[in-house]
Amino acid sequence: MVFSLLFLALTLPADVSMHIRLETILDSTQAKVGDPIVGVLVKDAKLKGKIVLPKKTIVRGHIRLLELAKDRVTIGLELEEAESPDTKAKFAANLEEIVSTLPGMGHFEHGSLNRSSPNAQDVSATDPILPNNSPGLGTFFVLGSKFKLRDLEMVWRTLPAN
């Protein structure tokens, strides 16, 4: 029996919206910068109505930032690669939205603070953003010094290739 494996390697184009559920549990007692993270597409990733990556595609990246400041932990994630049965794709993407949230959780977007929870009242929108929200780095915070995040759902949008 002869098997033929066709595997397409590519770079994703800009503006692909990816709704991802993080499979990796982010736990303050174990997580460290550099740790790998894995997620899965909750919906087909489309561009101009065409499917670029199918639902259930595996997405990989790593923790790029963990910083305790005042009464919150800032977490920075970077996603870099998607893999389906027949495609492996490199990409850079920005975090656009945290879909599933916990009380006291928010994210930084384009130099301002988005509160994802009405319980984040004690976090000021005028606080300086601690990390440099560089392209490809999605930053968000959790109030307090301990966290355990499961099944975190986020929406990321791909950036133009360099």
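Residues numbered from 1 in each chain as written. Predicted model: local features only at pLDDT ≥ 70, side-chain atom pairs only at ≥ 80, totals over all residues. Heavy atoms only, no water.

**With respect to unusual backbone geometry**
Residue Asp-15 is not a glycine yet carries a positive backbone phi of 75°. With respect to the helices and strands, Asp-15 occurs in the loop between β1 (8-11) and β2 (17-22). (Helix = DSSP H or I, 4+ residues; strand = E, 2+ residues; numbered from the N terminus.)

**Some thoughts on the side chain of Glu-78**
With respect to the element layout, Glu-78 can be found in strand β8 (residues 72-84). Within the structure, the side chain of Glu-78 is placed 3.2 Å from the side chain of Arg-64, a separation counted as a polar contact. Among residues more than four places away in sequence, those in contact with Glu-78 are Ile-37, Gly-61, His-62, Arg-64 and Gly-136. (Polar contact = N/O pair within 3.5 Å; in protein donor to acceptor, adjacent residues only side chain to side chain. Contact = heavy atoms within 4.5 Å.)

**Some remarks on the nonpolar core**
Counting residues in each nonpolar core, the largest one holds 30 residues, and the members touching the most others are Met-18, Leu-26, Ile-75, Leu-77, Phe-140 and Trp-156. At the level of secondary structure, the elements contributing two or more residues to this core comprise β2, β4 (36-41), β7 (58-69), β8, β10 (93-98), β13 (138-143) and β15 (153-158). Beyond its immediate chain neighbours, meaning those up to four positions away, Leu-26 contacts Ile-37, Ile-63, Ile-75, Leu-77, Phe-140, Phe-147, Lys-148 and Leu-149. (Core = buried A, V, L, I, M, F, W, Y, C linked by side-chain atoms within 4.5 Å. Buried < 20%, exposed > 50% of the residue type's maximum accessible area, 1.4 Å probe, protein only.)

**Side note on the packing of aromatic side chains**
Under the criterion given, the structure shown has zero aromatic pairs. The ring of Phe-141 has Arg-72 lying over it, and the distance from NZ or CZ to the ring centre is 5.2 Å. (Phe/Tyr/Trp six-rings, centres within 6.5 Å; stacked < 30°, edge-to-face > 60°. Lys NZ or Arg CZ within 6 Å of the ring centre and 35° of its normal.)

**Points about the pairing of β2**
Relative to β15, β2 runs antiparallel, the two sharing five bridges. Within the sheet, the bridge partner assigned to Ser-17 lies in β15 and is Arg-157. In this structure, β2 lies alongside β4, joined through three bridges in antiparallel fashion. Bridge pairing links Leu-22 to Gly-39 in β4. (Pairing = 2+ DSSP bridges.)

**Here we look at the environment of Ile-98**
Along the polypeptide, Ile-98 turns up in strand β10. Taking the C-alpha atoms as reference, Ile-98 lies 7.7 Å from Leu-152; in sequence the two are 54 residues apart.

**Things to note about the confidence of the model for the protein**
Do not read the fine detail of predicted coordinates wherever pLDDT is low. The predicted model of the protein averages 78 in pLDDT, with 74% of residues at 70 or higher. Looking over the protein, one finds the lowest element-wise mean pLDDT in strand β12 (residues 112-115), namely 42, and the highest in β4, namely 98. The model gives residues 109-132 a pLDDT under 50, and that stretch makes 50 contacts with residues more than four places away or in other chains. (pLDDT = per-residue confidence, 0-100.)

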